[in-house]
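Below, each chain spelled out in residue letters.
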Amino acid sequence: MGDLASLLKESWSLVEEHQDKVAGYFYARIFLRYPDLRDLFPVQMDVQRARLLGAIVTAVQTLEDPERFDEYLRALGRDHRKFHVEPEHYEVVGGALIESMRAFAGEDWSIEYDQAWADAYAVIASKMLAGADADPNPPYWYGEVVAHERRSRDIAVFTVLPLQPLEYRAGQYLSLECPRYQPRLWRTYSPANAPRRDNTLDFHVRAVGAGWVSSALVRRLQVGDMVKLAAPMGSMTLDRRSTRDAVFVAGGTGLAPIKSLLEELTRYNRTRWVHVFFGAQTREDLYDLADLNRLAARYPWLSVVTACSDDPTFPGEQGYISDVVAKYGPWKEHDFFVSGSGRMVKATLKRLAELQVPSVRIKYDSFSD
Ligand SMILES: Cc1cc2nc3c(=O)[nH]c(=O)nc-3n(C[C@H](O)[C@H](O)[C@H](O)COP(=O)(O)OP(=O)(O)OC[C@H]3O[C@@H](n4cnc5c(N)ncnc54)[C@H](O)[C@@H]3O)c2cc1C
Ligand code: HEM
């Protein structure tokens, strides 16, 4: 471990057990001195208390070699423009970070620790600023909700028309804010369609437990509401040069990016067999099956297998989709695309490893952080 890295770890360990208090102090420090910065953060700070502090500490400690993470940091900086972060804010936040740690570490804090954090933060901040500065795109796009349909108690499918064209690739995701109901809370969602001429984007959203944004999108969002969308991210995209057959594994609204990829394939595919495995707890959660079946009826290269893990009379497969995929196959020569909750993705990747599917052939998006 380099000197800088050990200084950072050592000093953080002095305050780690008081993380919550450090976070409280950190935000208080920023907002007392620069009250305008309060407007950049969510209304209820307790929702994700310490999110920024946690994010910075993780970044500073794990990005030991910032050159290796150059692209990630540039993208993070570009993305921060959606929070209305300006270059001068970096110094404020960096200063508050060090002051908060110093305040809680007490006598054990040293001048070397100050310097280590200042140096590491400066490198990261400069890369983020360079990324933000070089981005030709707007910080975000406004979009109007032009359709909204409840497909089940917890799931909605809605369509957004961005006011300016927003380029993305099938399979990518982008972050979305719903200012009318949950201002300043951004969450990532995957468009469920390949790019269209009319620029509209479909989203499939499931309201999770006590979820702030997802429940607003499912239960409150209406046609005519405006949302904000930020630049697309993610690399679960199709390689047009691949001639391998493909398997798509989707859990619940994890179907969204899979449907987008399928739609792209419908535009050019003639030669690749494509198998979709779509799983959910109950049949009600297979909210888009009618459309999938329509696609399968139209494209002879496409097959769809459905499974429910908690619906004993469901006429399709029974069990977790990760286990169901394993019953079919062999899959050693296929390209895989997996999308859904963290648990579902983890279970599927484990199964695929057991089936000896090479990891280089698997692309996935996990809905958990
Ligand atoms: C790359 C990516 C793409 C995504 N695409 C989609 C998509 O197309 N459709 C979609 O519906 N969601 C998608 N998500 C998930 C989405 O970004 C949010 O995490 C989700 O909507 C919950 O946000 P929230 O504000 O409602 O919940 P929060 O307020 O953030 O969380 C509230 C509580 O719910 C828990 N929680 C959060 N997510 C889940 C979950 N998935 N299952 C169970 N509990 C959870 C949290 O731990 C917390 O306790 C995607 C996530 C990622 C990372
Ligand atoms: C080294 C510098 C920084 C790093 C590594 C960093 C990292 C991060 C990360 C990883 C997130 C979570 C991303 C997400 O949810 O989309 C985040 C969120 C955020 N950051 Fe930063 N950030 C830095 C500097 C700043 C600065 C200077 C500001 C300006 C005040 C800022 C404001 C925010 C805000 C408002 C959020 C959303 C917080 C929330 O939803 O609670 N960040 N940051």
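Residues numbered from 1 in each chain as written. Chains lettered and ligands numbered in written order. Predicted model: local features only at pLDDT ≥ 70, side-chain atom pairs only at ≥ 80, totals over all residues. Heavy atoms only, no water.

Spatially, the 6 strands line up as an open sheet ordered β4-β3-β6-β1-β2-β5, and their pairing is antiparallel. Edge positions in the sheet fall to β4 (182-189) and β5 (201-206), since each of these pairs with one other strand and no more. Shown here is a sheet whose adjacent strand axes are inclined to one another by a mean of 35°, direction ignored. The sheet contact formed by strand β3 (residues 174-178) and strand β6 (residues 226-229) spans 2 bridges and is antiparallel. Note that in β6 the partner of E177 across the bridge is K228. Along the sheet face, helix α7 (residues 212-219) touches β1 (141-150), β2 (155-162), β3, β4 and β5 and points at about 90° away from the line of β4. (Pairing = 2+ DSSP bridges. Helix = DSSP H or I, 4+ residues; strand = E, 2+ residues; numbered from the N terminus. Axes fitted to C-alpha atoms, helices over the stretch in contact; angles between N-to-C directions. Contact = heavy atoms within 4.5 Å.)

A few words now on unusual backbone geometry. G329 connects to P330 through a cis peptide bond whose omega is 5°. Mapping P330 onto the fold places it in the loop between α10 (321-327) and β11 (335-340). Positive phi, normally seen in glycine, also occurs at H84, with a value near 65°. Mapped onto the fold, H84 is located in the loop between α4 (70-80) and α5 (89-105). Here Q356, not a glycine, exhibits a phi torsion of approximately 65°, which is positive. Position of Q356 among the secondary structure elements: in the loop between α11 (342-354) and β12 (362-366).

With that settled, the discussion passes to the coordination of the iron atom of ligand 2. When a metal holds four donors in a tetrahedron, each ideal angle between them is 109.5 degrees; when it holds six in an octahedron, the ideal angles are 90 or 180 degrees. Exactly one donor from the protein chain reaches the iron atom of ligand 2: H80 (NE2), at 2.1 Å. Looking at where H80 falls in the secondary structure, it is placed in helix α4. (Donors = N, O, S within 2.8 Å, 3.2 Å for Na, K, Ca; no water.)

Here we take up the UniProt feature "domain: FAD-binding FR-type" (unreviewed entry) in the protein chain. Under the present numbering, the feature "domain: FAD-binding FR-type" (unreviewed entry) in UniProt falls on residues 138-239. Taken end to end, residues 138-239 comprises 8% helix and 40% strand; its first and last C-alpha atoms sit 28 Å apart. (UniProt positions renumbered as here; feature names shortened; annotations may be inferred.)

Near ligand 1 lie 18 residues; those nearest to it are R187, T188, Y189, H204 and S214. Here an oxygen atom of ligand 1 and a backbone polar atom of T188 are 2.6 Å apart. For ligand 1, an oxygen atom lies 3.2 Å from a polar atom in the backbone of W212. Here ligand 1, which alone exposes 930 Å², has 70% of that area covered by the protein. Of all the elements in the fold, those that place two or more residues in the shell around ligand 1 are β4, β5 and α7. Grouping the amino acids of the shell around ligand 1 by side-chain chemistry returns 9 nonpolar, 7 polar and 2 charged. (Near = heavy atom within 4 Å. Polar contact = N/O pair within 3.5 Å; in protein donor to acceptor, adjacent residues only side chain to side chain. Areas by Shrake-Rupley, 256 points an atom, 1.4 Å probe, with all protein chains shown as cover. Nonpolar A, V, L, I, M, F, W, Y, C, P; charged D, E, K, R; others polar.)

All right, on to the side chain of R361 then. Checked against the element boundaries, R361 lands in the loop between α11 and β12. E333 is the oppositely charged side chain nearest to the buried, salt-bridge-free R361, at an N-O distance of 4.3 Å. Here R361 is in contact with R244, K332, E333, H334, D335 and F336, once residues within four sequence places are set aside. (Buried < 20%, exposed > 50% of the residue type's maximum accessible area, 1.4 Å probe, protein only. Lys, Arg positive; Asp, Glu negative; His and termini not counted. Salt bridge = Lys/Arg side-chain N within 4 Å of Asp/Glu carboxyl O.)

Of all 7 residues in strand β8 (residues 274-280), 6 are buried; the element is thus mostly enclosed. Handedness of the β-α-β unit built from strand β7 (residues 246-251), helix α8 (residues 255-268) and β8 comes out right-handed. In terms of handedness, the path from β8 via helix α9 (residues 289-298) over to strand β9 (residues 302-308) forms a crossover that is right-handed. (Right-handed = clockwise from strand over helix to strand, strands pointing away.)

The subject of this paragraph is the nonpolar core. In this structure, F26, I30, I56, L97 and W117 are the most contacted members of the largest nonpolar core, which totals 38 residues. For this core, the secondary structure elements donating two or more residues are α1 (3-15), α2 (19-33), α3 (51-62), α5 and α6 (111-134). With residues up to four places along the chain from it excluded, the contact list for I56 reads F26, V93, L97 and Y121. Counting residues in hydrophobic clusters, the runner-up holds 30 residues, among them I155, M236, F248 and Y299. (Core = buried A, V, L, I, M, F, W, Y, C linked by side-chain atoms within 4.5 Å.)

Examined against the element boundaries, T253 turns out to sit in the loop between β7 and α8. The contacts of T253, once residues within four sequence positions are left out, are I155, H204, V205, R206, Y287 and F367.

Our focus in this paragraph is the domain arrangement of the protein chain. Here the protein chain is described as being made up of domain 1 (1-134), domain 2 (140-233) and domain 3 (246-364). Each of domain 1 and domain 2 has a C-alpha centre, and the two are 30 Å apart. Taken together, the contact between domain 1 and domain 2 spans 14 residues of the former and 11 residues of the latter. For the domain 1 and domain 2 pair, buried surface summed over both sides reaches about 1000 Å², with 57% attributable to carbon and sulfur atoms. (Domains from an automatic or database assignment. Buried area = accessible area lost by both parts, 1.4 Å probe.)

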